[in-house]
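What follows is each chain in one-letter form.
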Amino acid sequence: MSSVVEAMTDLLNFPETLEKLLHSTSRHDSGRGGVANFPADILDTPKEYVFYLDVPGLSKSDILVTVEEENTLVIKSNGKRKREEGEEEGCKYIRLERRPPQKLTRKFRLPDNCNVSAISAKCENGELTVVVEKLPPPPKSKSIEVAIS
């Protein structure tokens, strides 16, 4: 009886387990020079798509936002550690335990209704906000009834 209960519990938790597995392999760096992903939230509003990405420790000069192949939004960082303020030449760290910014890359396929020439980005307080405007919907065709003589 307990094996049936365990099987049902595993089955009910399967989506959570699958999500953890997918996110744990795609979100974090492998530790050997691999490329990690930015965690992202995407908001769909009536006029635009808004991408919110966590980029702690990175400034706007560290991030590159481009559009490739006409509909792929690409966000990258160079992942280089910067010298601390007040650090003098000839000084060296004895221990570095804080994680340096990683090489991060994230690609998003944009829907057909995006205006790729009207994309803006802003980086403040460790959060990158990318706004992609939507194109106006195509006008609906009118049907006109013609009288047959």
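Residues numbered from 1 in each chain as written. Predicted model: local features only at pLDDT ≥ 70, side-chain atom pairs only at ≥ 80, totals over all residues. Heavy atoms only, no water.

A. View of the sheet that holds strand β3 (residues 63-68). In spatial order, the strands read β3-β4-β5; together these 3 strands make up an open sheet with antiparallel pairing. The open sheet terminates on both sides in strands that have one partner only, identified here as β3 and β5 (105-109). Put simply, the sheet's adjacent strands are angled 15° from each other on average, direction ignored. Pairing of strand β4 (residues 72-77) with β5, which is carried by 5 bridges, proceeds in the antiparallel orientation. Each bridged residue has a counterpart across the sheet, and for Ile75 the counterpart in β5 is Arg106. (Pairing = 2+ DSSP bridges. Helix = DSSP H or I, 4+ residues; strand = E, 2+ residues; numbered from the N terminus. Axes fitted to C-alpha atoms, helices over the stretch in contact; angles between N-to-C directions.)

B. Looking closely at the sheet that holds strand β2 (residues 48-54). Read across the sheet, 4 strands follow the order β1-β2-β7-β6 without closing on themselves; strand pairing throughout is antiparallel. The open sheet has two free edges, formed respectively by β1 (40-44) and β6 (114-124), since each of these has just one partner strand. Taking the axes of each pair of neighbouring strands and ignoring which way they run, one obtains an average angle of 15° across the sheet. Relative to strand β7 (residues 127-134), β6 runs antiparallel, the two sharing 7 bridges. Counted as the bridge partner of Ser120 is Val131 from β7.

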